[in-house]
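Observations on the three-dimensional arrangement
Given next are the chains, with one letter for each unit.
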Amino acid sequence: MSRIGRQPVVIPAGVTVTVADGNKITVKGPKGTLERVLAPEMDIKVENDTVVVTRPNDLKKMKSLHGLTRTLINNMVTGVSQGFTKELEVNGVGYRAAKQGNKLVLNLGYSHVVEMIDPEGIETAVDGNKITVKGINKEKVGQFAAEIRDKRRPEPYKGKGIKYVDEVIRRKVGKTGKK
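A brief structural summary.

Reading guide: rules and limits
Residues numbered from 1 in each chain as written. Predicted model: local features only at pLDDT ≥ 70, side-chain atom pairs only at ≥ 80, totals over all residues. Heavy atoms only, no water. Salt bridge = Lys/Arg side-chain N within 4 Å of Asp/Glu carboxyl O. Helix = DSSP H or I, 4+ residues; strand = E, 2+ residues; numbered from the N terminus. Buried < 20%, exposed > 50% of the residue type's maximum accessible area, 1.4 Å probe, protein only. Pairing = 2+ DSSP bridges. Phe/Tyr/Trp six-rings, centres within 6.5 Å; stacked < 30°, edge-to-face > 60°. Lys NZ or Arg CZ within 6 Å of the ring centre and 35° of its normal. Core = buried A, V, L, I, M, F, W, Y, C linked by side-chain atoms within 4.5 Å. Contact = heavy atoms within 4.5 Å. Expected span 1.5 Å × (residues − 1). Arc of directions from axis to C-beta. Polar contact = N/O pair within 3.5 Å; in protein donor to acceptor, adjacent residues only side chain to side chain.

Examining the pattern of salt bridges
The full count for this structure, using the stated rule, is 10 salt bridges. Its salt-bridge partner being Lys-99, residue Asp-118 comes within 2.7 Å of it at the nearest N-O pair. A residue pair is termed long-range when its members are at least 10 positions apart, and Asp-118 in the loop between strand 10 (114–117) and strand 11 (122–127) and Lys-99 in strand 8 (residues 96–100) qualify at 19 residues. The exposure class assigned to Asp-118 is buried, which follows from its relative accessible area of 13%. For Lys-99, a relative accessible area of 30% translates into the label partly exposed. A salt bridge links Arg-153 to Asp-150; the shortest N-O distance between them is 2.8 Å. Taken together, the shared-partner salt bridges connect Glu-89, Lys-130 and Lys-163 into one network.

Set out below in structure tokens:
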């Protein structure tokens, strides 16, 4: 059995999980509603206050789908009950981030200002040099945070750029003059 797949997903109070035909899962909670169609081979059952995922056989594909399906359901339940956040940090002289309505305005040393509009269901906040991306869908939060980081990745010599708060940048030694 899959170590992750066999664990039941606990449904917290205030969250409802419904499974329609074709393995379409709807999770409703205090923060919103998420819907997703999961692999039709998996057997998903809601029992009391848990969701149990079982697989039909032990083929390699079924084993990998088993853990994936359980994790996707767990992420949906966590998203509608607590939500997800990613924090980024802007480092560099003259590098700034600001918020204008639903737009994130970034000054990153380019000849132009980079503007990014918050996608639906995602909210960004700026506090000094920190950017916080919040939402209920883990994939969308991670994707938007990665897109922000891609506008100016951290470089290894001075550490300038946009990095995740918990990311460690391996620094390199610069050039040295000949004697």
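Focus on the pairing of strand 2 (residues 16–20)
Note: strand 2 against strand 3 (residues 24–29), 5 bridges, orientation antiparallel. From the neighbouring strand, Val-17 faces strand 3, where its bridge partner is Val-27. The turn joining strand 2 and strand 3, which pair antiparallel and follow one another in sequence, is formed by 3 residues; a positive phi near 80° is taken by Gly-22.

Points about the packing of aromatic side chains
Summed over the entire model, instances satisfying the criterion amount to 0 aromatic pairs. For the cation-ring pair, Lys-86 lies above Tyr-164, with the distance from its terminal atom to the ring centre recorded as 5.3 Å. One residue, Arg-152, lies across the ring of Tyr-110, its end atom 4.3 Å from the ring centre.

Side note on the nonpolar core
Judged by nonpolar contacts, the single largest core of 21 residues is most densely connected at Val-17, Ile-25, Val-27, Ile-44, Val-51, Ile-73 and Val-77. Looking at this core element by element, the count peaks at 7 residues for helix 1 (residues 60–81). When near neighbours in sequence (up to four residues on either side) are disregarded, Val-51 contacts Pro-8, Val-9, Ile-11, Val-17, Ile-44, Lys-45, Val-46 and Ile-73. Residues Phe-84, Val-90, Val-141 and Ile-162 belong to the second largest nonpolar core, which totals 19 residues.

Remarks on the environment of Leu-88
Relative to the elements of secondary structure, Leu-88 occurs in strand 7 (residues 84–91). The sequence separation of Leu-88 and Lys-178 amounts to 90 residues, and the corresponding C-alpha distance is 39 Å. Contacts of Leu-88, omitting those with residues within four sequence positions, involve Asn-129, Lys-130, Ile-131, Val-133, Ala-145, Ile-148, Arg-149, Ile-162, Lys-163, Tyr-164 and Val-165.

Focus on helix 2 (residues 138–150)
Each turn of an α-helix holds 3.6 residues, which means side chains three or four residues apart point in the same direction. For helix 2, spanning 13 residues, the distance from its first C-alpha to its last is 18 Å, which sits close to the expected 18 Å at 1.5 Å a residue. Along helix 2, the residues classified as buried are Val-141, Gly-142, Phe-144, Ala-145, Ile-148 and Arg-149. Projected down its long axis, helix 2 carries its buried residues within an arc of 165°, all on one side. The opening residue of helix 2 is Asn-137, an N-cap whose side-chain oxygen sits 3.1 Å from the backbone nitrogen of Glu-139.

Points about the side chain of Asp-118
Side chain to side chain, Asp-118 and Lys-99 meet in a polar contact 2.7 Å long. Discounting residues that sit within four places of it in the chain, Asp-118 has contacts with Lys-99, Asn-102, Glu-123, Thr-124 and Phe-144.

Quick word on unusual backbone geometry
Residue Asn-23 is not a glycine yet carries a positive backbone phi of 55°. Looking at where Asn-23 falls in the secondary structure, it is placed in the loop between strand 2 and strand 3. One non-glycine residue, Asn-48, lies in positive phi territory at about 55°. Here Asn-48 is to be found in the loop between strand 5 (43–47) and strand 6 (50–54). By relative accessible area, which is 81% here, Asn-48 ends up exposed.

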